[in-house]
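For reference, the chains in residue letters:
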Amino acid sequence: MAQNYVIVALGLVVYAWTWMQGAHGEYLIGVGSYDMTGPAADVNMMGYANPLQNTAGIHFRLRARTFIVAESLQGPRFVFVNLDAGMASQLLTIKVLERLNSRFGNLYTEENVAISGTHTHAGPGGYLQYVVYSVTSLGFVKQSFDAIANAIEQSIIQAHNNLKPGSIFMNTGDVKDAGINRSPSAYLQNPADERARYPTNVDTQMTLMRFVDGASGKNIGAFSWFPTHGTSMSNQNKLISGDNKGVAARLFEDWFASQNNSTNTNSTVPDIGQLMKKAQSIKATRGKDCKKLASQASKVRKNDGSLFVGAFCQSNVGDVSPNVLGAFCIDSGKPCDFNRSSCHGNDQLCVGRGPGKGRAYNFAWSRYPDEILSTKIIGERQFKTAVKLFESTSEELSGKIDYRHVYLNFTDIEVELDSNKVVKTCPAALGPGFAAGTTDGPGLFGFQQGDTKINPFWKNVRDFLTKPSQYQVDCQNPKPVLLSTGEMFYPYPWAPAILPIQILRLGKLIILSVPGELTTMAGRRLREAVKETLKSSSNGEFDDETHVVIAGLTNTYSQYIATFEEYQQQRYEAASTLYGPHTLSAYIQEFKKLAQAMAEGENITIKGPSPPDLSSVQISFLLDPLGESPPKGVKFGDIKEDVAFPKRGYFTKGDTPSATFWSANPRYDLLTEGTFAAVERLQGERWISVYDDDDLSLFFKWKVDNSSLHGLATIEWEIPNDAVSGVYRLKHFGATRTTIISPINYFTGASSAFAVQ
């Protein structure tokens, strides 16, 4: 008997060891997610470079979503982080890697960590380290930076702690009507025979990975890549938003939760008269003090590490717009000029229209006609495709995990063209087409896309800042140099010179980490070149089934990458291609080197020059809140304007009850993994949170009262169709301090109750 016990014990040890090594699945897998919303007041948004577009509330919260895959506990692994942010940041990458090193040693490094942005244009800025990306944010914004860095770190920790044996399945399919080419005339500059190989002038394919727990068979996450700009929300929007990809992620995660929620709801509709009577007896509460954790306690989705993670990542998005109805002149309603995307020579009159048809169109550059609805529709189209791919995945990924990474000085790369002619990249520069903006967000008056000359006034402004060298002028030709950012170093560099490129391998899936925005055709050329190199350099390990995806805006940001032919027309994307006409050729050449090394099993011995850490020289002109108090006789959290009831005395689906509270600047505490707003439903004698500021139906808006100069928070709830009939109230959470050095105090308040049928 004793011998049998020994045999059983040894068997259990072997079983545990093989389980830990991934015997119940091809890989070890883990997913994580963390709140990175950032300051919801006063901070300029990153994307449109509109100095007046400062945060003033929350559409829904931003998140960092992460997956980790490993061959075994000791084997190769990599991390992919998807941020609800405009783009990755070199400084974020540097500082996050320092944090990971102090916690995990050399387990996670620049080699095997990829940090990518979704390209929402509705997140707080000030977290990048180069001057050109922080001018409108008044320099570096530490609170923005810390919120994102902390979320990346925490999501990686969560994914690491969740590592378990599991399987990964892949599927691909087309997303319909989620993007159009916003620079079609530039696309037509590409060779006709090349264009003839593709059915459309944008890529429509989504690639999705489904992560499955090997022990339980439970789905734990899904990550997908598809190109469309995060510009459904306009350059007049001031609510923090993950834009269409954030909507898709929220819909996906909520859909998955609903599929696995077996709770039965009572289908009996309460008597509306009784609901109204009960609601009328419950008046607004006065503002009162609460604990810091009160906001987190009212969060609907508690982040305990067990939630399904659904991420919608960005790809070769450079010339792809979500405003799929096209661009029209806002003064006449006629289509814009095809080559320049302007109206009567004015770039500001040409604006792209999203698919949302709700509110009346107005002159103020707003989306046609409802940007909130357009954001939801484009998000839904990605979400619906993802669900179909998720439910039909059958192809399991298997094979090696591998990665290659190198730093390159992109201002001085020698590129050998097919004709054996050697050309070079250039110091970074922006052309006048950059200043014209796009149909998603028009730029400065007096510029048009395709400009080949700079008027004397702007040339004098340019020369006052830094006159470009003759080498730069010749190198960037035919781009006229409006800003020679690669030759501007005061008070610190205006543009990056050293960029990372990276290849991640998960079996037959290859992920290319690109630190910029490739146009559609540029992305196609890069994918094909890498795939062909992998096939030709290996002994059959890579073949026609190898699948290559581009993860744009990853690890740092260096604006756009247009094809050589598109560069000649100098539309926005070409004018924003920093390193000259041969930028794409340089990327293809250097990625092919990484691909060849991966295919041949060789390590990269020369890692290239490290990028600078400019954290010590960052300048910030954005002042912190100085401390505040409510008006005399008022408490923070008190109601200024209570819910206004319709004539019928109750609300129905589609109505928008709202209430306004005396509040404080939301920068005092970001309420991370909490909420500034909640919709509570009365259940018996208890109030239960059913919606929070991470829901698409609930809007938290903050402003300064014009008459009293005190802060006001407005909570609006667009009652969704799935809302349950009952008695509800709106609740606000916030934080304040009386002086800049005093302790933070937390407060809450609630509106009067109201009935919903």
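Just so it is clear, the structure is predicted and the values come from calculations on it, not from any experiment.

Enquirer: Just give me the short version of the layout of surface pockets, but keep the residues and values in it.
Expert: Summary: where empty space remains is shown by rolling a probe the size of a single water molecule over the atoms. Its boundaries defined by the atoms lining it, the second largest pocket holds a volume of some 1,100 Å³. At the level of secondary structure, the elements contributing two or more residues to the lining of the second largest pocket comprise strand 2 (41-46), helix 10 (432-435) and helix 11 (456-466). The dominant element in the lining of the second largest pocket, judged by the number of residues it contributes, is helix 11, at 4 residues. Taken together, the residues that form the lining of the second largest pocket break down as 25 nonpolar, 17 polar and 4 charged.

Enquirer: I'd love a proper account of the packing of helix 13 (residues 520-537) against helix 16 (residues 583-599), names of residues and values included.
Expert: Relative orientation of the contacting elements helix 13 and helix 16 amounts to 25°, with a least axis distance of 8 Å. Here helix 13 is positioned roughly parallel relative to helix 16, judged by the angle of their axes. In this structure, helix 13 meets helix 16 at a crossing whose hand is right-handed. Contacts between helix 13 and helix 16 involve Ala522, Arg525, Leu526, Ala529, Val530, Thr533, Leu534 and Ser537 from the first element and Leu584, Tyr587, Ile588, Phe591, Lys592, Ala595, Gln596 and Ala599 from the second. Residue classes in the contact of helix 13 with helix 16 are distributed as 11 nonpolar, 3 polar and 2 charged.

Enquirer: Account for the domain arrangement of the chain, with residues named and values stated.
Expert: Per the domain assignment, the segments of the chain are domain 1 (27-259 + 306-409 + 494-600) and domain 2 (623-756). A separation of 33 Å is found between the C-alpha centroids of domain 1 and domain 2. Across the boundary between the two partners, domain 1 contributes 24 residues, which contact 20 residues of domain 2. A combined buried area of about 1,900 Å² lies between domain 1 and domain 2, and 53% of that area is made up of carbon and sulfur atoms. Counting across the domain 1 and domain 2 interface gives 4 salt bridges. Glu673 is the partner of Arg63 in a salt bridge, and the nearest nitrogen-oxygen pair spans 2.7 Å. In this assembly, domain 1 and domain 2 are joined by 13 residue pairs in polar contact (both at pLDDT 80 or more). When contributions to the side of domain 1 that touches domain 2 are tallied by element, the ones reaching two or more residues are strand 1 (27-35), strand 2, strand 3 (54-58), helix 3 (142-161) and helix 6 (243-259). Per-class residue counts for the side of domain 1 that touches domain 2 are 13 nonpolar, 5 polar and 6 charged.

Enquirer: Before we move on, could you go through the sheet that holds strand 30 (residues 698-704) and cite the residues and values that matter?
Expert: Remark on secondary structure: sheet strands pair via backbone hydrogen bonds, oriented parallel or antiparallel. As summarised here, the arrangement of the 7 strands in space is 7-2-3-30-31-27-26, forming an open sheet in which the pairing is antiparallel. The sheet terminates laterally at strand 7 (123-124) and strand 26 (639-641), the two strands that pair on one side only. Relative to strand 31 (residues 711-717), strand 27 (residues 658-663) runs antiparallel, the two sharing 6 bridges. Bridge assignment links Ser658 to a residue of strand 31, and that residue is Glu716.

Enquirer: Explain the state of the cysteines to me, and be specific about the residues and the numbers.
Expert: This structure, assessed with the given rule, holds 3 disulfides. Across the disulfide, Cys329 is cross-linked to Cys343 (sulfur-sulfur distance 2.1 Å). Disulfide Cys329-Cys343: torsion about the S-S bond near -100°, hence left-handed. With Cys329 in strand 15 (residues 326-329) and Cys343 in the loop between strand 15 and strand 16 (350-353), this residue pair connects regions lying 14 residues apart in the sequence. No difference in accessibility class separates Cys329 from Cys343, as the two residues are buried.

Enquirer: Tell me about the pairing of strand 21 (residues 498-506), residues and numbers included.
Expert: The buried fraction of strand 21 is high, at 9 of 9 residues. A two-sided burial pattern is seen for strand 21, the buried positions comprising Ile498, Pro500, Gln502, Leu504 and Leu506 on one face and Leu499, Ile501, Ile503 and Arg505 on the other. In terms of strand pairing, strand 18 (residues 401-409) meets strand 21 through 9 bridges, oriented antiparallel. For Asp402, the partnering residue across the bridge sits in strand 21 and is Arg505. Sheet analysis places strand 21 next to strand 22 (residues 509-513), joined by 5 bridges and oriented antiparallel. Bridge assignment links Leu504 to a residue of strand 22, and that residue is Ile511.

Enquirer: Please provide a residue-by-residue account of the pattern of salt bridges, values included.
Expert: Across all of its chains, the model carries 45 salt bridges by this definition. Residue Asp35 is joined to Arg61 by a salt bridge in which the shortest nitrogen-to-oxygen separation is 2.7 Å. Residue Asp35 is located in strand 1, and its partner Arg61 is located in the loop between strand 3 and strand 4 (63-70); the two are separated by 26 residues in the primary sequence. Note on Arg61: relative accessible area 2%, which makes it buried.

Enquirer: Report on the UniProt feature "domain: Neutral/alkaline non-lysosomal ceramidase C-terminal" (unreviewed entry) in the chain, specifying residues and quantitative values.
Expert: UniProt's entry tags residues 591-756 with the feature "domain: Neutral/alkaline non-lysosomal ceramidase C-terminal" (unreviewed entry), counted in the numbering of this structure. Between the C-alpha atoms that bound residues 591-756 there is a distance of 57 Å. The span itself is 5% helix and 34% strand.

Enquirer: How would you summarise the packing of aromatic side chains if you had to cite specific residues and measurements?
Expert: For the structure shown, the criterion picks out 33 aromatic pairs. Judged by centre distance (6.0 Å) and plane angle (70°), the rings of Phe67 and Phe78 are edge-to-face. Residue Phe67 is located in strand 4, and its partner Phe78 is located in strand 5 (residues 77-83); the two are separated by 11 residues in the primary sequence. For the pair Phe67 and Phe78, one class covers both residues: buried. Consider the rings of Phe457 and Trp458, whose centres lie 5.1 Å apart with planes at 80°: the pair is edge-to-face.

Enquirer: Explain helix 7 (residues 272-280) to me, using residue names and the numbers behind them.
Expert: Every buried residue of helix 7 is listed here: Ile272, Leu275, Met276 and Ala279. Down the axis of helix 7, the smallest arc covering the buried residues is 100°, so these residues share one side. Opposite the packed face of helix 7, turned more than 90 degrees from it, sit the exposed residues Gln274 and Lys277. Looking at the buried residues of helix 7, the elements they touch are strand 32 (726-736) and strand 34 (754-756).

Enquirer: An account of the environment of Trp458 is needed here, citing residue identities and associated values.
Expert: Looking at the secondary structure, you find Trp458 in helix 11. Residue Trp458 is classed as partly exposed on the basis of its relative accessible area of 23%. For the pair Trp458 and Gly446, spaced 12 residues apart in the sequence, the C-alpha separation amounts to 9.5 Å. When residues no more than four places from it in sequence are discounted, the contact partners of Trp458 are Leu444, Phe447 and Leu482.

Enquirer: Break down empty space enclosed by the protein for me, with residues and values.
Expert: In total, this model carries 4 cavities of 30 Å³ or more according to the counting rule given. Estimates place the volume of the largest cavity at around 60 Å³. Taken together, 14 residues form the lining of the largest cavity, with Leu62, Gly123, Pro124, Tyr127 and Ile148 sitting closest to its centre. Elements with a contribution of two residues or more to the lining of the largest cavity: strand 7 and helix 3. Ranked by residues supplied to the lining of the largest cavity, first place goes to helix 3 with 3 residues. For the lining of the largest cavity, the residue count by class is 8 nonpolar, 5 polar and 1 charged. Here the second largest cavity is characterised by a volume of approximately 50 Å³. Around the second largest cavity sit Asn181, Ser183, Ala186, Tyr187, Asp319, Thr519, Glu566, Arg571, Glu573 and Ala574, which together line it. Put simply, the parts of the chain that give the lining of the second largest cavity at least two residues each are helix 4 (184-187) and helix 15 (572-575). Across the lining of the second largest cavity, the residue classes break down as 3 nonpolar, 3 polar and 4 charged.

Conventions adopted
Residues numbered from 1 in each chain as written. Predicted model: local features only at pLDDT ≥ 70, side-chain atom pairs only at ≥ 80, totals over all residues. Heavy atoms only, no water. 1 Å grid on protein atoms, 1.4 Å probe; cavity = no way out; pocket = protein on both sides within 12 Å on 5 of 7 lines; lining within 4 Å. Points joined across faces, edges and corners; volume = space filled by probe spheres on them. Helix = DSSP H or I, 4+ residues; strand = E, 2+ residues; numbered from the N terminus. Nonpolar A, V, L, I, M, F, W, Y, C, P; charged D, E, K, R; others polar. Axes fitted to C-alpha atoms, helices over the stretch in contact; angles between N-to-C directions. Parallel < 35°, antiparallel > 145°, perpendicular 65-115°, else oblique. Left-handed = near helix turned anticlockwise from the far one by under 90°. Contact = heavy atoms within 4.5 Å. Domains from an automatic or database assignment. Buried area = accessible area lost by both parts, 1.4 Å probe. Salt bridge = Lys/Arg side-chain N within 4 Å of Asp/Glu carboxyl O. Polar contact = N/O pair within 3.5 Å; in protein donor to acceptor, adjacent residues only side chain to side chain. Pairing = 2+ DSSP bridges. Disulfide = S-S within 2.5 Å. Buried < 20%, exposed > 50% of the residue type's maximum accessible area, 1.4 Å probe, protein only. UniProt positions renumbered as here; feature names shortened; annotations may be inferred. Phe/Tyr/Trp six-rings, centres within 6.5 Å; stacked < 30°, edge-to-face > 60°. Arc of directions from axis to C-beta.

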